[in-house]
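Below, each chain spelled out in residue letters.
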Amino acid sequence: MVGRWLWQAPEYIATTLIAQSIVKLDEVGYVTLENSVKSAVKHAGGSRKGRP
């Protein structure tokens, strides 16, 4: 879809700046962005039961 990225830009910039700040913490080894929802739910110990 043409032009769709433009409305997402402020969110992406905020996400990037937050990740850059978090990775500077001594307790953090690395930060990844744009994980899949399935992966995030699995790592959080959640389940996929119920309606989407």
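See the structure above.
Residues numbered from 1 in each chain as written. Predicted model: local features only at pLDDT ≥ 70, side-chain atom pairs only at ≥ 80, totals over all residues. Heavy atoms only, no water.

**Regarding the overall build of the protein**
Secondary structure summary: the protein contains 2 helices and 0 strands in total. A burial count over the protein gives 4% of its 52 residues as buried. (Helix = DSSP H or I, 4+ residues; strand = E, 2+ residues; numbered from the N terminus. Buried < 20%, exposed > 50% of the residue type's maximum accessible area, 1.4 Å probe, protein only.)

**Quick look at a nonpolar patch on the surface**
On the surface, a nonpolar cluster with roughly 570 Å² of combined accessible area is contributed by Tyr-12, Ile-18, Ile-22, Val-23, Leu-25, Val-31 and Leu-33. A relative accessible area of 46% places Leu-25 in the partly exposed class. (Patch = residues over 30% accessible without salt bridge, like charges linked within 9 Å, V, L, I, M, F, W, Y side chains within 5 Å. Areas by Shrake-Rupley, 256 points an atom, 1.4 Å probe, with all protein chains shown as cover. Salt bridge = Lys/Arg side-chain N within 4 Å of Asp/Glu carboxyl O.)

**Regarding the environment of Thr-32**
Residue position: Thr-32 is located in the loop between α1 (4-23) and α2 (37-43). Among the residues examined, Thr-32 registers a relative accessible area of 44% and is labelled partly exposed. On a C-alpha basis, the gap between Thr-32 and Thr-16 in space is 9.9 Å, while along the polypeptide they are 16 residues apart.

**Remarks on the environment of Ile-22**
On the secondary structure map, Ile-22 appears in helix α1. The class for Ile-22 is partly exposed, based on a relative accessible area of 37%. Not counting residues up to four positions away in its chain, the partners in contact with Ile-22 are Val-28 and Val-31. (Contact = heavy atoms within 4.5 Å.)

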